[in-house]
Amino acid sequence: MEIILASQSPRRRELLERMGVKNFRVVTPDIDEHMERELPPEELVRRISAEKARAVREQAGMDAVVIAADTVVALDGAVLGKPADELEAFKMLSTLSGCRHQVYTGLTVLRGEERHTVSEETTVAFRELSEEEISCYIQTGEPMDKAGAYGIQGFGALLIEGIQGDYYNVMGLPVCRLGGILRQLGVDCLRLAAGERDSD
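About the cut-offs
Residues numbered from 1 in each chain as written. Predicted model: local features only at pLDDT ≥ 70, side-chain atom pairs only at ≥ 80, totals over all residues. Heavy atoms only, no water. UniProt positions renumbered as here; feature names shortened; annotations may be inferred. Helix = DSSP H or I, 4+ residues; strand = E, 2+ residues; numbered from the N terminus. Core = buried A, V, L, I, M, F, W, Y, C linked by side-chain atoms within 4.5 Å. Buried < 20%, exposed > 50% of the residue type's maximum accessible area, 1.4 Å probe, protein only. Contact = heavy atoms within 4.5 Å. Arc of directions from axis to C-beta. Polar contact = N/O pair within 3.5 Å; in protein donor to acceptor, adjacent residues only side chain to side chain. pLDDT = per-residue confidence, 0-100. Pairing = 2+ DSSP bridges.

## Brief notes about the UniProt feature "active site" (unreviewed entry) in the protein
Piece 1. The sites that carry the UniProt feature "active site" (unreviewed entry) are, in the present numbering, Asp70.
Piece 2. For aspartate 70, the position within the fold is in strand S3 (residues 65–75).

## Some remarks on the nonpolar core
Piece 1. Membership of the largest hydrophobic core comes to 43 residues, with the highest contact counts inside it found for Ile67 and Tyr150.
Piece 2. Top element by residues in this core is S3. It accounts for five residues.
Piece 3. Membership of the second largest hydrophobic core comes to ten residues, among which are Ile4, Ala60, Ala64 and Leu110.

## Focus: the UniProt feature "site: Important for substrate specificity" (unreviewed entry) in the protein
Piece 1. Within the UniProt annotation, "site: Important for substrate specificity" (unreviewed entry) is assigned to Arg11, Thr71 and Gln153.
Piece 2. Mapping arginine 11 onto the fold places it in helix H1 (residues 10–18).
Piece 3. Since its relative accessible area comes to 17%, arginine 11 is described here as buried.
Piece 4. Sequence-distant contacts of arginine 11, defined by excluding residues within four places in its chain, comprise Asp145, Lys146, Gln153 and Met171.
Piece 5. Residue placement: glutamine 153 occurs in the loop between helix H4 (131–139) and strand S7 (160–164).
Piece 6. Exposure remark for glutamine 153: the relative accessible area of 33% places this residue in the partly exposed category.
Piece 7. Every residue in contact with glutamine 153, bar those within four places of it in the chain, is listed here: Arg11, Lys146, Tyr167 and Met171.

## Focus: H1
Note: α-helices contain 3.6 residues per turn, so residues at a spacing of three or four share the same orientation.
Piece 1. Along H1, the residues classified as buried are Arg11, Arg12, Leu15 and Leu16. Angularly, the buried residues of H1 cover 135° about the axis, an arc narrow enough to put them on a single face.
Piece 2. In this structure, the buried side of H1 is in contact with strand S1 (3–5), helix H2 (41–57), S3, helix H5 (167–171) and helix H6 (175–184).
Piece 3. At the N-terminal end of H1, a side-chain oxygen is found 3.2 Å from the backbone nitrogen of arginine 11, two or three residues along, and the residue is serine 9.
Piece 4. A positive phi of about 105° marks glycine 20, the residue just after H1.

## Focus: the confidence of the model for the protein
Piece 1. Mean pLDDT over the protein stands at 92; residues scoring 70 or higher make up 94%.
Piece 2. Here helix H7 (residues 189–199) is the element of the protein with the lowest mean pLDDT, 74, and H4 is the one with the highest, 98.

## Focus: the pairing of strand S6 (residues 114–126)
Piece 1. Alignment of strand S5 (residues 100–111) against S6, held across twelve bridges, turns out to be antiparallel. In the sheet register, tyrosine 104 faces S6, and the bridge partner there is glutamate 121.
Piece 2. Turn length for the S5-S6 hairpin, with the two strands adjacent in sequence and antiparallel, is two residues, and the turn residue glycine 112 shows positive phi of about 60°.
Piece 3. In the sheet, S6 pairs with S7 via four bridges, with the strands oriented antiparallel. Bridging across to S7, phenylalanine 126 finds its partner in isoleucine 160.

What follows is the structure, encoded as structure tokens:
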């Protein structure tokens, strides 16, 4: 069966490959991701991931498995998206400094008439950051294309004291939840990984 990742995120592509799914096609969904920002974060990401999946399924056969995700950072219920510029990145990181916040990823997987839409929540604790540290981090360029202006898998790890929940969810794809859904749809990632090793 064909597997389609409805995302241009290199991090999601990498995580799907790490799960043992090697043969998949990437299709970028054409939707308005800024819709209904007043919704609670967990509902917002579920809705956007479902819209992404539906948009891409129109270009695929009904038997294809379509995987879509959307991730936001939220502090006290307020959504922090990707920063528009370095000043906004500085403000976001200053707000997150010394605080705990939540990362929500909405995940939708479609195959035929089956649809699975879920959300995953991970709590992230930032240490206290100085203005110089924030400025240096912004100069790495890492914050500019990431929700909340940081990436846990990069230099942003130096800002984080701890997390509660799925680490990969903070990268943009709740791997354990996705693996369970794919297994229900006939894609067993562990079998794929074992088969690949046997063929070596």
